[in-house]
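# Structural description and commentary
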Amino acid sequence: VNETKNGFTIKTGKDITDTDKLVIRYDVTFDGVTAGNTYANIAIAKGSNTAEAKDRNEITADSGEKPELIITKKAAKEDYQTFFAEADVSVYEELMIRGMIPGYAKLTIKQRKQELERFVPYINNWAVCDCCCATYKFMKKDQDEWLAFIKKYLSSEKEYELRFAIVCLLDFFINDTYIDEVLELLADVQHDAYYVKMADAWALSICYIKFPQKTEP
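Quick look at the structure, then. (Residues numbered from 1 in each chain as written. Predicted model: local features only at pLDDT ≥ 70, side-chain atom pairs only at ≥ 80, totals over all residues. Heavy atoms only, no water.)

### What to know about the state of the cysteines
- Under the criterion given, the structure shown has zero disulfides.
- Residue Cys131 stays outside any disulfide, its sulfur separated by 6.8 Å from that of Cys132, the closest cysteine. (Disulfide = S-S within 2.5 Å.)

### Observations concerning the nonpolar core
- Within the largest apolar cluster, 46 residues are counted, with the highest numbers of intra-cluster contacts made by Tyr136, Met139, Phe164, Leu169 and Phe173.
- Secondary-structure elements contributing two or more residues to this core are helix 3 (92–104), helix 4 (109–119), helix 5 (126–133), helix 6 (143–154), helix 7 (159–172), helix 8 (179–188) and helix 9 (194–210).
- Examining the composition of this core, we find that ten residues originate from one element, helix 7, more than from any other.
- Ile97, Ile101, Ala105 and Leu107 belong to the second largest nonpolar core, which has five residues in total. (Core = buried A, V, L, I, M, F, W, Y, C linked by side-chain atoms within 4.5 Å. Buried < 20%, exposed > 50% of the residue type's maximum accessible area, 1.4 Å probe, protein only. Helix = DSSP H or I, 4+ residues; strand = E, 2+ residues; numbered from the N terminus.)

### Focus on unusual backbone geometry
- With phi around 50°, Asp142 is a residue other than glycine that occupies positive phi space.
- Relative to the helices and strands, Asp142 is located in the loop between helix 5 and helix 6.
- Exposure remark for Asp142: the relative accessible area of 45% places this residue in the partly exposed category.

### Examining the packing of aromatic side chains
- Taken as a whole and judged by the stated rule, the model has eight aromatic pairs.
- On the basis of an interplanar angle of 50° and a centroid distance of 4.9 Å, the ring pair of Phe138 and Trp146 is categorised as tilted.
- With relative accessibility at 1%, the residue Trp146 sits in the buried group.
- Geometrically, the ring pair formed by Tyr153 and Phe164 is edge-to-face, given 5.2 Å between the ring centres and 80° between the ring planes. Highlighted residues: Tyr153 in helix 6 and Phe164 in helix 7, separated in sequence by eleven residues. Just as Tyr153 is buried, Phe164 falls in that class too. (Phe/Tyr/Trp six-rings, centres within 6.5 Å; stacked < 30°, edge-to-face > 60°.)

### What about the packing of helix 8 against helix 9?
- In contact at an axis separation of 11 Å, helix 8 and helix 9 are set at 155° when each is read in the N-to-C sense. Between helix 8 and helix 9, the angle is such that the two are roughly antiparallel. The two elements helix 8 and helix 9 meet at a crossing, and its hand is left-handed. Residue-level inspection shows Ile179, Val182, Leu183 and Leu186 of helix 8 in contact with helix 9, the latter providing Asp200, Ala203, Leu204 and Cys207.
- For the contact of helix 8 with helix 9, the class distribution of residues is seven nonpolar, no polar and one charged. (Axes fitted to C-alpha atoms, helices over the stretch in contact; angles between N-to-C directions. Parallel < 35°, antiparallel > 145°, perpendicular 65-115°, else oblique. Left-handed = near helix turned anticlockwise from the far one by under 90°. Contact = heavy atoms within 4.5 Å. Nonpolar A, V, L, I, M, F, W, Y, C, P; charged D, E, K, R; others polar.)

### Overview of the packing of helix 7 against helix 9
- The interhelical angle for the contact between helix 7 and helix 9, taken along N-to-C directions, is 10°, at an axis separation of 9 Å. The orientation of helix 7 with respect to helix 9, classified from their angle, is roughly parallel. Only Tyr194, Tyr195, Val196, Met198, Ala199, Asp200, Trp202 and Ala203 of helix 9 make contact with helix 7, whose side of the interface consists of Glu159, Tyr160, Leu162, Arg163, Ile166, Val167 and Leu170.
- Here the residues of the contact of helix 7 with helix 9 sort into twelve nonpolar, no polar and three charged.

### Side note on the pattern of salt bridges
- Under the counting rule described, the total for this entry stands at seven salt bridges.
- Put simply, Asp130 and Arg163 hold a salt bridge, and the shortest N to O gap is 2.7 Å. With Asp130 in helix 5 and Arg163 in helix 7, the pair connects residues that are 33 residues apart, well separated along the chain. Like Arg163, Asp130 is buried.
- Taking the shortest distance from any N to any O, the salt bridge between Glu181 and Lys151 comes out at 2.5 Å. One end of the pair, Glu181, is in helix 8; the other, Lys151, is in helix 6, with 30 residues separating them in the sequence.
- Taken together, the shared-partner salt bridges in this structure form one network comprising Arg98, Glu115 and Arg118. (Salt bridge = Lys/Arg side-chain N within 4 Å of Asp/Glu carboxyl O.)

Here it is in C-alpha coordinates:
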(Lines give C-alpha, C1' and ligand atoms only; values in the text may rest on other atoms or scores of the structure.)
Protein backbone atom coordinates (compact mmCIF):
# COMPACT_ATOMS: atom_id res chain seq x y z
CA VAL A 1 0.00 0.00 0.00
CA ASN A 2 1.41 3.40 -1.01
CA GLU A 3 -0.14 6.41 0.68
CA THR A 4 -0.43 9.97 -0.61
CA LYS A 5 -1.92 13.07 0.95
CA ASN A 6 -5.34 12.46 -0.58
CA GLY A 7 -5.40 8.74 -1.23
CA PHE A 8 -3.54 5.48 -1.59
CA THR A 9 -2.60 2.85 -4.15
CA ILE A 10 -2.89 -0.88 -3.50
CA LYS A 11 -0.82 -3.32 -5.51
CA THR A 12 -2.65 -6.65 -5.40
CA GLY A 13 -0.09 -8.62 -7.40
CA LYS A 14 -2.86 -10.23 -9.44
CA ASP A 15 -5.46 -9.40 -12.08
CA ILE A 16 -8.81 -8.53 -10.49
CA THR A 17 -11.76 -9.90 -12.45
CA ASP A 18 -15.38 -8.76 -12.51
CA THR A 19 -16.25 -11.47 -9.98
CA ASP A 20 -13.57 -10.44 -7.48
CA LYS A 21 -14.33 -8.10 -4.63
CA LEU A 22 -11.87 -5.89 -2.76
CA VAL A 23 -13.28 -4.36 0.45
CA ILE A 24 -11.53 -1.28 1.83
CA ARG A 25 -12.51 0.33 5.11
CA TYR A 26 -11.07 3.67 6.21
CA ASP A 27 -11.68 6.45 8.72
CA VAL A 28 -12.21 10.08 7.74
CA THR A 29 -11.25 13.00 10.00
CA PHE A 30 -12.60 16.48 9.27
CA ASP A 31 -10.73 19.52 10.58
CA GLY A 32 -12.34 22.88 11.29
CA VAL A 33 -15.93 21.71 10.95
CA THR A 34 -19.00 23.25 12.58
CA ALA A 35 -21.38 21.12 14.61
CA GLY A 36 -24.68 20.58 12.82
CA ASN A 37 -23.31 21.25 9.34
CA THR A 38 -23.27 18.56 6.64
CA TYR A 39 -20.04 17.68 4.81
CA ALA A 40 -19.42 15.42 1.85
CA ASN A 41 -16.95 12.56 1.75
CA ILE A 42 -16.27 11.49 -1.83
CA ALA A 43 -14.40 8.26 -2.52
CA ILE A 44 -12.99 7.61 -6.01
CA ALA A 45 -11.56 4.25 -7.03
CA LYS A 46 -10.02 3.03 -10.27
CA GLY A 47 -7.76 0.23 -11.43
CA SER A 48 -5.12 0.03 -14.11
CA ASN A 49 -7.62 -1.77 -16.34
CA THR A 50 -10.99 -0.48 -15.03
CA ALA A 51 -13.13 2.59 -15.34
CA GLU A 52 -13.30 5.09 -12.48
CA ALA A 53 -16.01 4.55 -9.85
CA LYS A 54 -17.21 7.20 -7.43
CA ASP A 55 -19.26 7.16 -4.23
CA ARG A 56 -20.48 10.14 -2.19
CA ASN A 57 -21.54 10.11 1.44
CA GLU A 58 -22.81 13.07 3.44
CA ILE A 59 -21.83 13.35 7.09
CA THR A 60 -23.36 15.61 9.73
CA ALA A 61 -20.80 16.86 12.26
CA ASP A 62 -21.63 16.34 15.92
CA SER A 63 -20.70 18.54 18.85
CA GLY A 64 -17.42 16.77 19.48
CA GLU A 65 -18.56 15.47 22.86
CA LYS A 66 -17.71 11.96 23.95
CA PRO A 67 -20.95 10.42 25.22
CA GLU A 68 -19.32 7.06 25.84
CA LEU A 69 -16.95 8.62 28.35
CA ILE A 70 -19.81 10.56 29.96
CA ILE A 71 -21.85 7.37 30.31
CA THR A 72 -18.83 5.61 31.77
CA LYS A 73 -18.29 8.22 34.46
CA LYS A 74 -21.99 8.30 35.29
CA ALA A 75 -22.17 4.50 35.52
CA ALA A 76 -19.05 4.43 37.68
CA LYS A 77 -20.41 7.02 40.10
CA GLU A 78 -23.95 5.73 40.38
CA ASP A 79 -24.19 1.94 40.51
CA TYR A 80 -21.40 0.24 38.64
CA GLN A 81 -22.26 -3.20 40.01
CA THR A 82 -25.66 -3.06 38.34
CA PHE A 83 -24.04 -2.09 35.04
CA PHE A 84 -21.52 -4.92 35.39
CA ALA A 85 -24.33 -7.40 35.93
CA GLU A 86 -26.35 -6.17 32.95
CA ALA A 87 -23.59 -5.30 30.47
CA ASP A 88 -23.49 -7.31 27.26
CA VAL A 89 -19.76 -7.71 26.70
CA SER A 90 -20.39 -8.98 23.17
CA VAL A 91 -21.33 -5.38 22.29
CA TYR A 92 -18.23 -3.26 21.61
CA GLU A 93 -19.47 -0.12 23.35
CA GLU A 94 -20.65 -1.95 26.47
CA LEU A 95 -17.39 -3.85 26.70
CA MET A 96 -15.50 -0.55 26.45
CA ILE A 97 -17.57 0.98 29.24
CA ARG A 98 -17.21 -2.18 31.31
CA GLY A 99 -13.45 -1.88 31.03
CA MET A 100 -13.28 1.84 31.81
CA ILE A 101 -15.37 1.76 34.97
CA PRO A 102 -12.55 0.40 37.18
CA GLY A 103 -10.61 3.50 36.23
CA TYR A 104 -13.36 5.87 37.35
CA ALA A 105 -15.18 4.12 40.19
CA LYS A 106 -14.08 4.70 43.77
CA LEU A 107 -12.66 1.31 44.66
CA THR A 108 -10.06 -0.15 46.96
CA ILE A 109 -6.95 -1.76 45.48
CA LYS A 110 -8.43 -5.17 46.20
CA GLN A 111 -11.68 -4.27 44.42
CA ARG A 112 -9.81 -2.86 41.40
CA LYS A 113 -7.80 -6.05 41.10
CA GLN A 114 -10.96 -8.15 41.26
CA GLU A 115 -12.68 -6.08 38.58
CA LEU A 116 -9.64 -6.18 36.29
CA GLU A 117 -9.35 -9.93 36.72
CA ARG A 118 -12.97 -10.21 35.59
CA PHE A 119 -12.57 -7.78 32.69
CA VAL A 120 -9.20 -8.62 31.13
CA PRO A 121 -10.25 -12.05 29.75
CA TYR A 122 -13.00 -10.30 27.76
CA ILE A 123 -10.61 -8.00 25.87
CA ASN A 124 -10.84 -8.94 22.21
CA ASN A 125 -9.39 -5.98 20.31
CA TRP A 126 -6.62 -3.40 20.61
CA ALA A 127 -8.93 -0.39 20.94
CA VAL A 128 -10.76 -1.70 24.01
CA CYS A 129 -7.43 -2.73 25.51
CA ASP A 130 -5.62 0.56 24.97
CA CYS A 131 -8.50 2.93 25.74
CA CYS A 132 -9.34 1.14 28.98
CA CYS A 133 -5.72 0.88 30.10
CA ALA A 134 -5.37 4.65 29.69
CA THR A 135 -7.99 5.18 32.42
CA TYR A 136 -6.12 3.10 35.01
CA LYS A 137 -4.25 6.07 36.41
CA PHE A 138 -4.49 4.51 39.86
CA MET A 139 -1.45 2.48 38.79
CA LYS A 140 0.66 5.60 39.27
CA LYS A 141 0.29 4.92 43.00
CA ASP A 142 1.28 1.75 44.85
CA GLN A 143 3.40 0.88 41.83
CA ASP A 144 5.19 -2.12 43.32
CA GLU A 145 1.85 -3.74 43.99
CA TRP A 146 0.46 -2.97 40.55
CA LEU A 147 3.60 -4.10 38.78
CA ALA A 148 3.33 -7.45 40.54
CA PHE A 149 -0.30 -7.65 39.39
CA ILE A 150 0.62 -6.91 35.77
CA LYS A 151 3.45 -9.45 35.67
CA LYS A 152 1.10 -12.42 35.82
CA TYR A 153 -0.40 -11.35 32.49
CA LEU A 154 3.05 -11.14 30.90
CA SER A 155 3.25 -14.92 31.14
CA SER A 156 -0.15 -15.40 29.47
CA GLU A 157 -0.43 -17.12 26.09
CA LYS A 158 -3.47 -15.01 25.20
CA GLU A 159 -2.83 -12.14 22.80
CA TYR A 160 -4.85 -9.42 24.49
CA GLU A 161 -3.95 -10.37 28.04
CA LEU A 162 -0.33 -9.86 27.04
CA ARG A 163 -1.15 -6.59 25.30
CA PHE A 164 -3.01 -5.41 28.41
CA ALA A 165 0.12 -5.92 30.49
CA ILE A 166 2.44 -4.27 27.97
CA VAL A 167 0.21 -1.23 27.49
CA CYS A 168 -0.07 -0.78 31.26
CA LEU A 169 3.73 -0.88 31.45
CA LEU A 170 4.14 1.78 28.78
CA ASP A 171 1.39 3.98 30.23
CA PHE A 172 2.52 3.99 33.86
CA PHE A 173 5.90 2.34 34.48
CA ILE A 174 8.37 3.88 32.06
CA ASN A 175 9.98 6.11 34.68
CA ASP A 176 13.25 6.43 36.59
CA THR A 177 12.24 3.83 39.15
CA TYR A 178 11.12 1.04 36.82
CA ILE A 179 12.81 1.60 33.45
CA ASP A 180 15.41 -1.16 33.94
CA GLU A 181 12.82 -3.71 34.98
CA VAL A 182 10.43 -2.66 32.21
CA LEU A 183 13.16 -3.17 29.59
CA GLU A 184 13.87 -6.65 30.96
CA LEU A 185 10.18 -7.54 30.96
CA LEU A 186 9.71 -6.33 27.39
CA ALA A 187 12.77 -8.26 26.23
CA ASP A 188 11.31 -11.44 27.72
CA VAL A 189 8.05 -11.17 25.76
CA GLN A 190 7.98 -13.96 23.17
CA HIS A 191 4.72 -14.17 21.26
CA ASP A 192 3.92 -14.21 17.54
CA ALA A 193 0.57 -12.41 17.74
CA TYR A 194 0.52 -9.15 15.77
CA TYR A 195 -0.97 -6.97 18.50
CA VAL A 196 1.52 -8.26 21.06
CA LYS A 197 4.44 -7.42 18.78
CA MET A 198 3.04 -3.99 18.01
CA ALA A 199 2.52 -3.21 21.70
CA ASP A 200 6.03 -4.42 22.53
CA ALA A 201 7.52 -2.23 19.79
CA TRP A 202 5.40 0.72 20.89
CA ALA A 203 6.55 0.34 24.49
CA LEU A 204 10.21 0.10 23.42
CA SER A 205 9.84 3.26 21.36
CA ILE A 206 8.55 5.15 24.41
CA CYS A 207 11.43 3.73 26.46
CA TYR A 208 13.86 5.01 23.84
CA ILE A 209 12.28 8.47 23.76
CA LYS A 210 12.48 8.81 27.55
CA PHE A 211 15.63 6.78 28.25
CA PRO A 212 17.65 6.45 25.02
CA GLN A 213 20.93 5.35 26.61
CA LYS A 214 19.31 2.63 28.69
CA THR A 215 17.19 1.39 25.79
CA GLU A 216 19.96 1.08 23.21
CA PRO A 217 21.48 -2.42 23.13
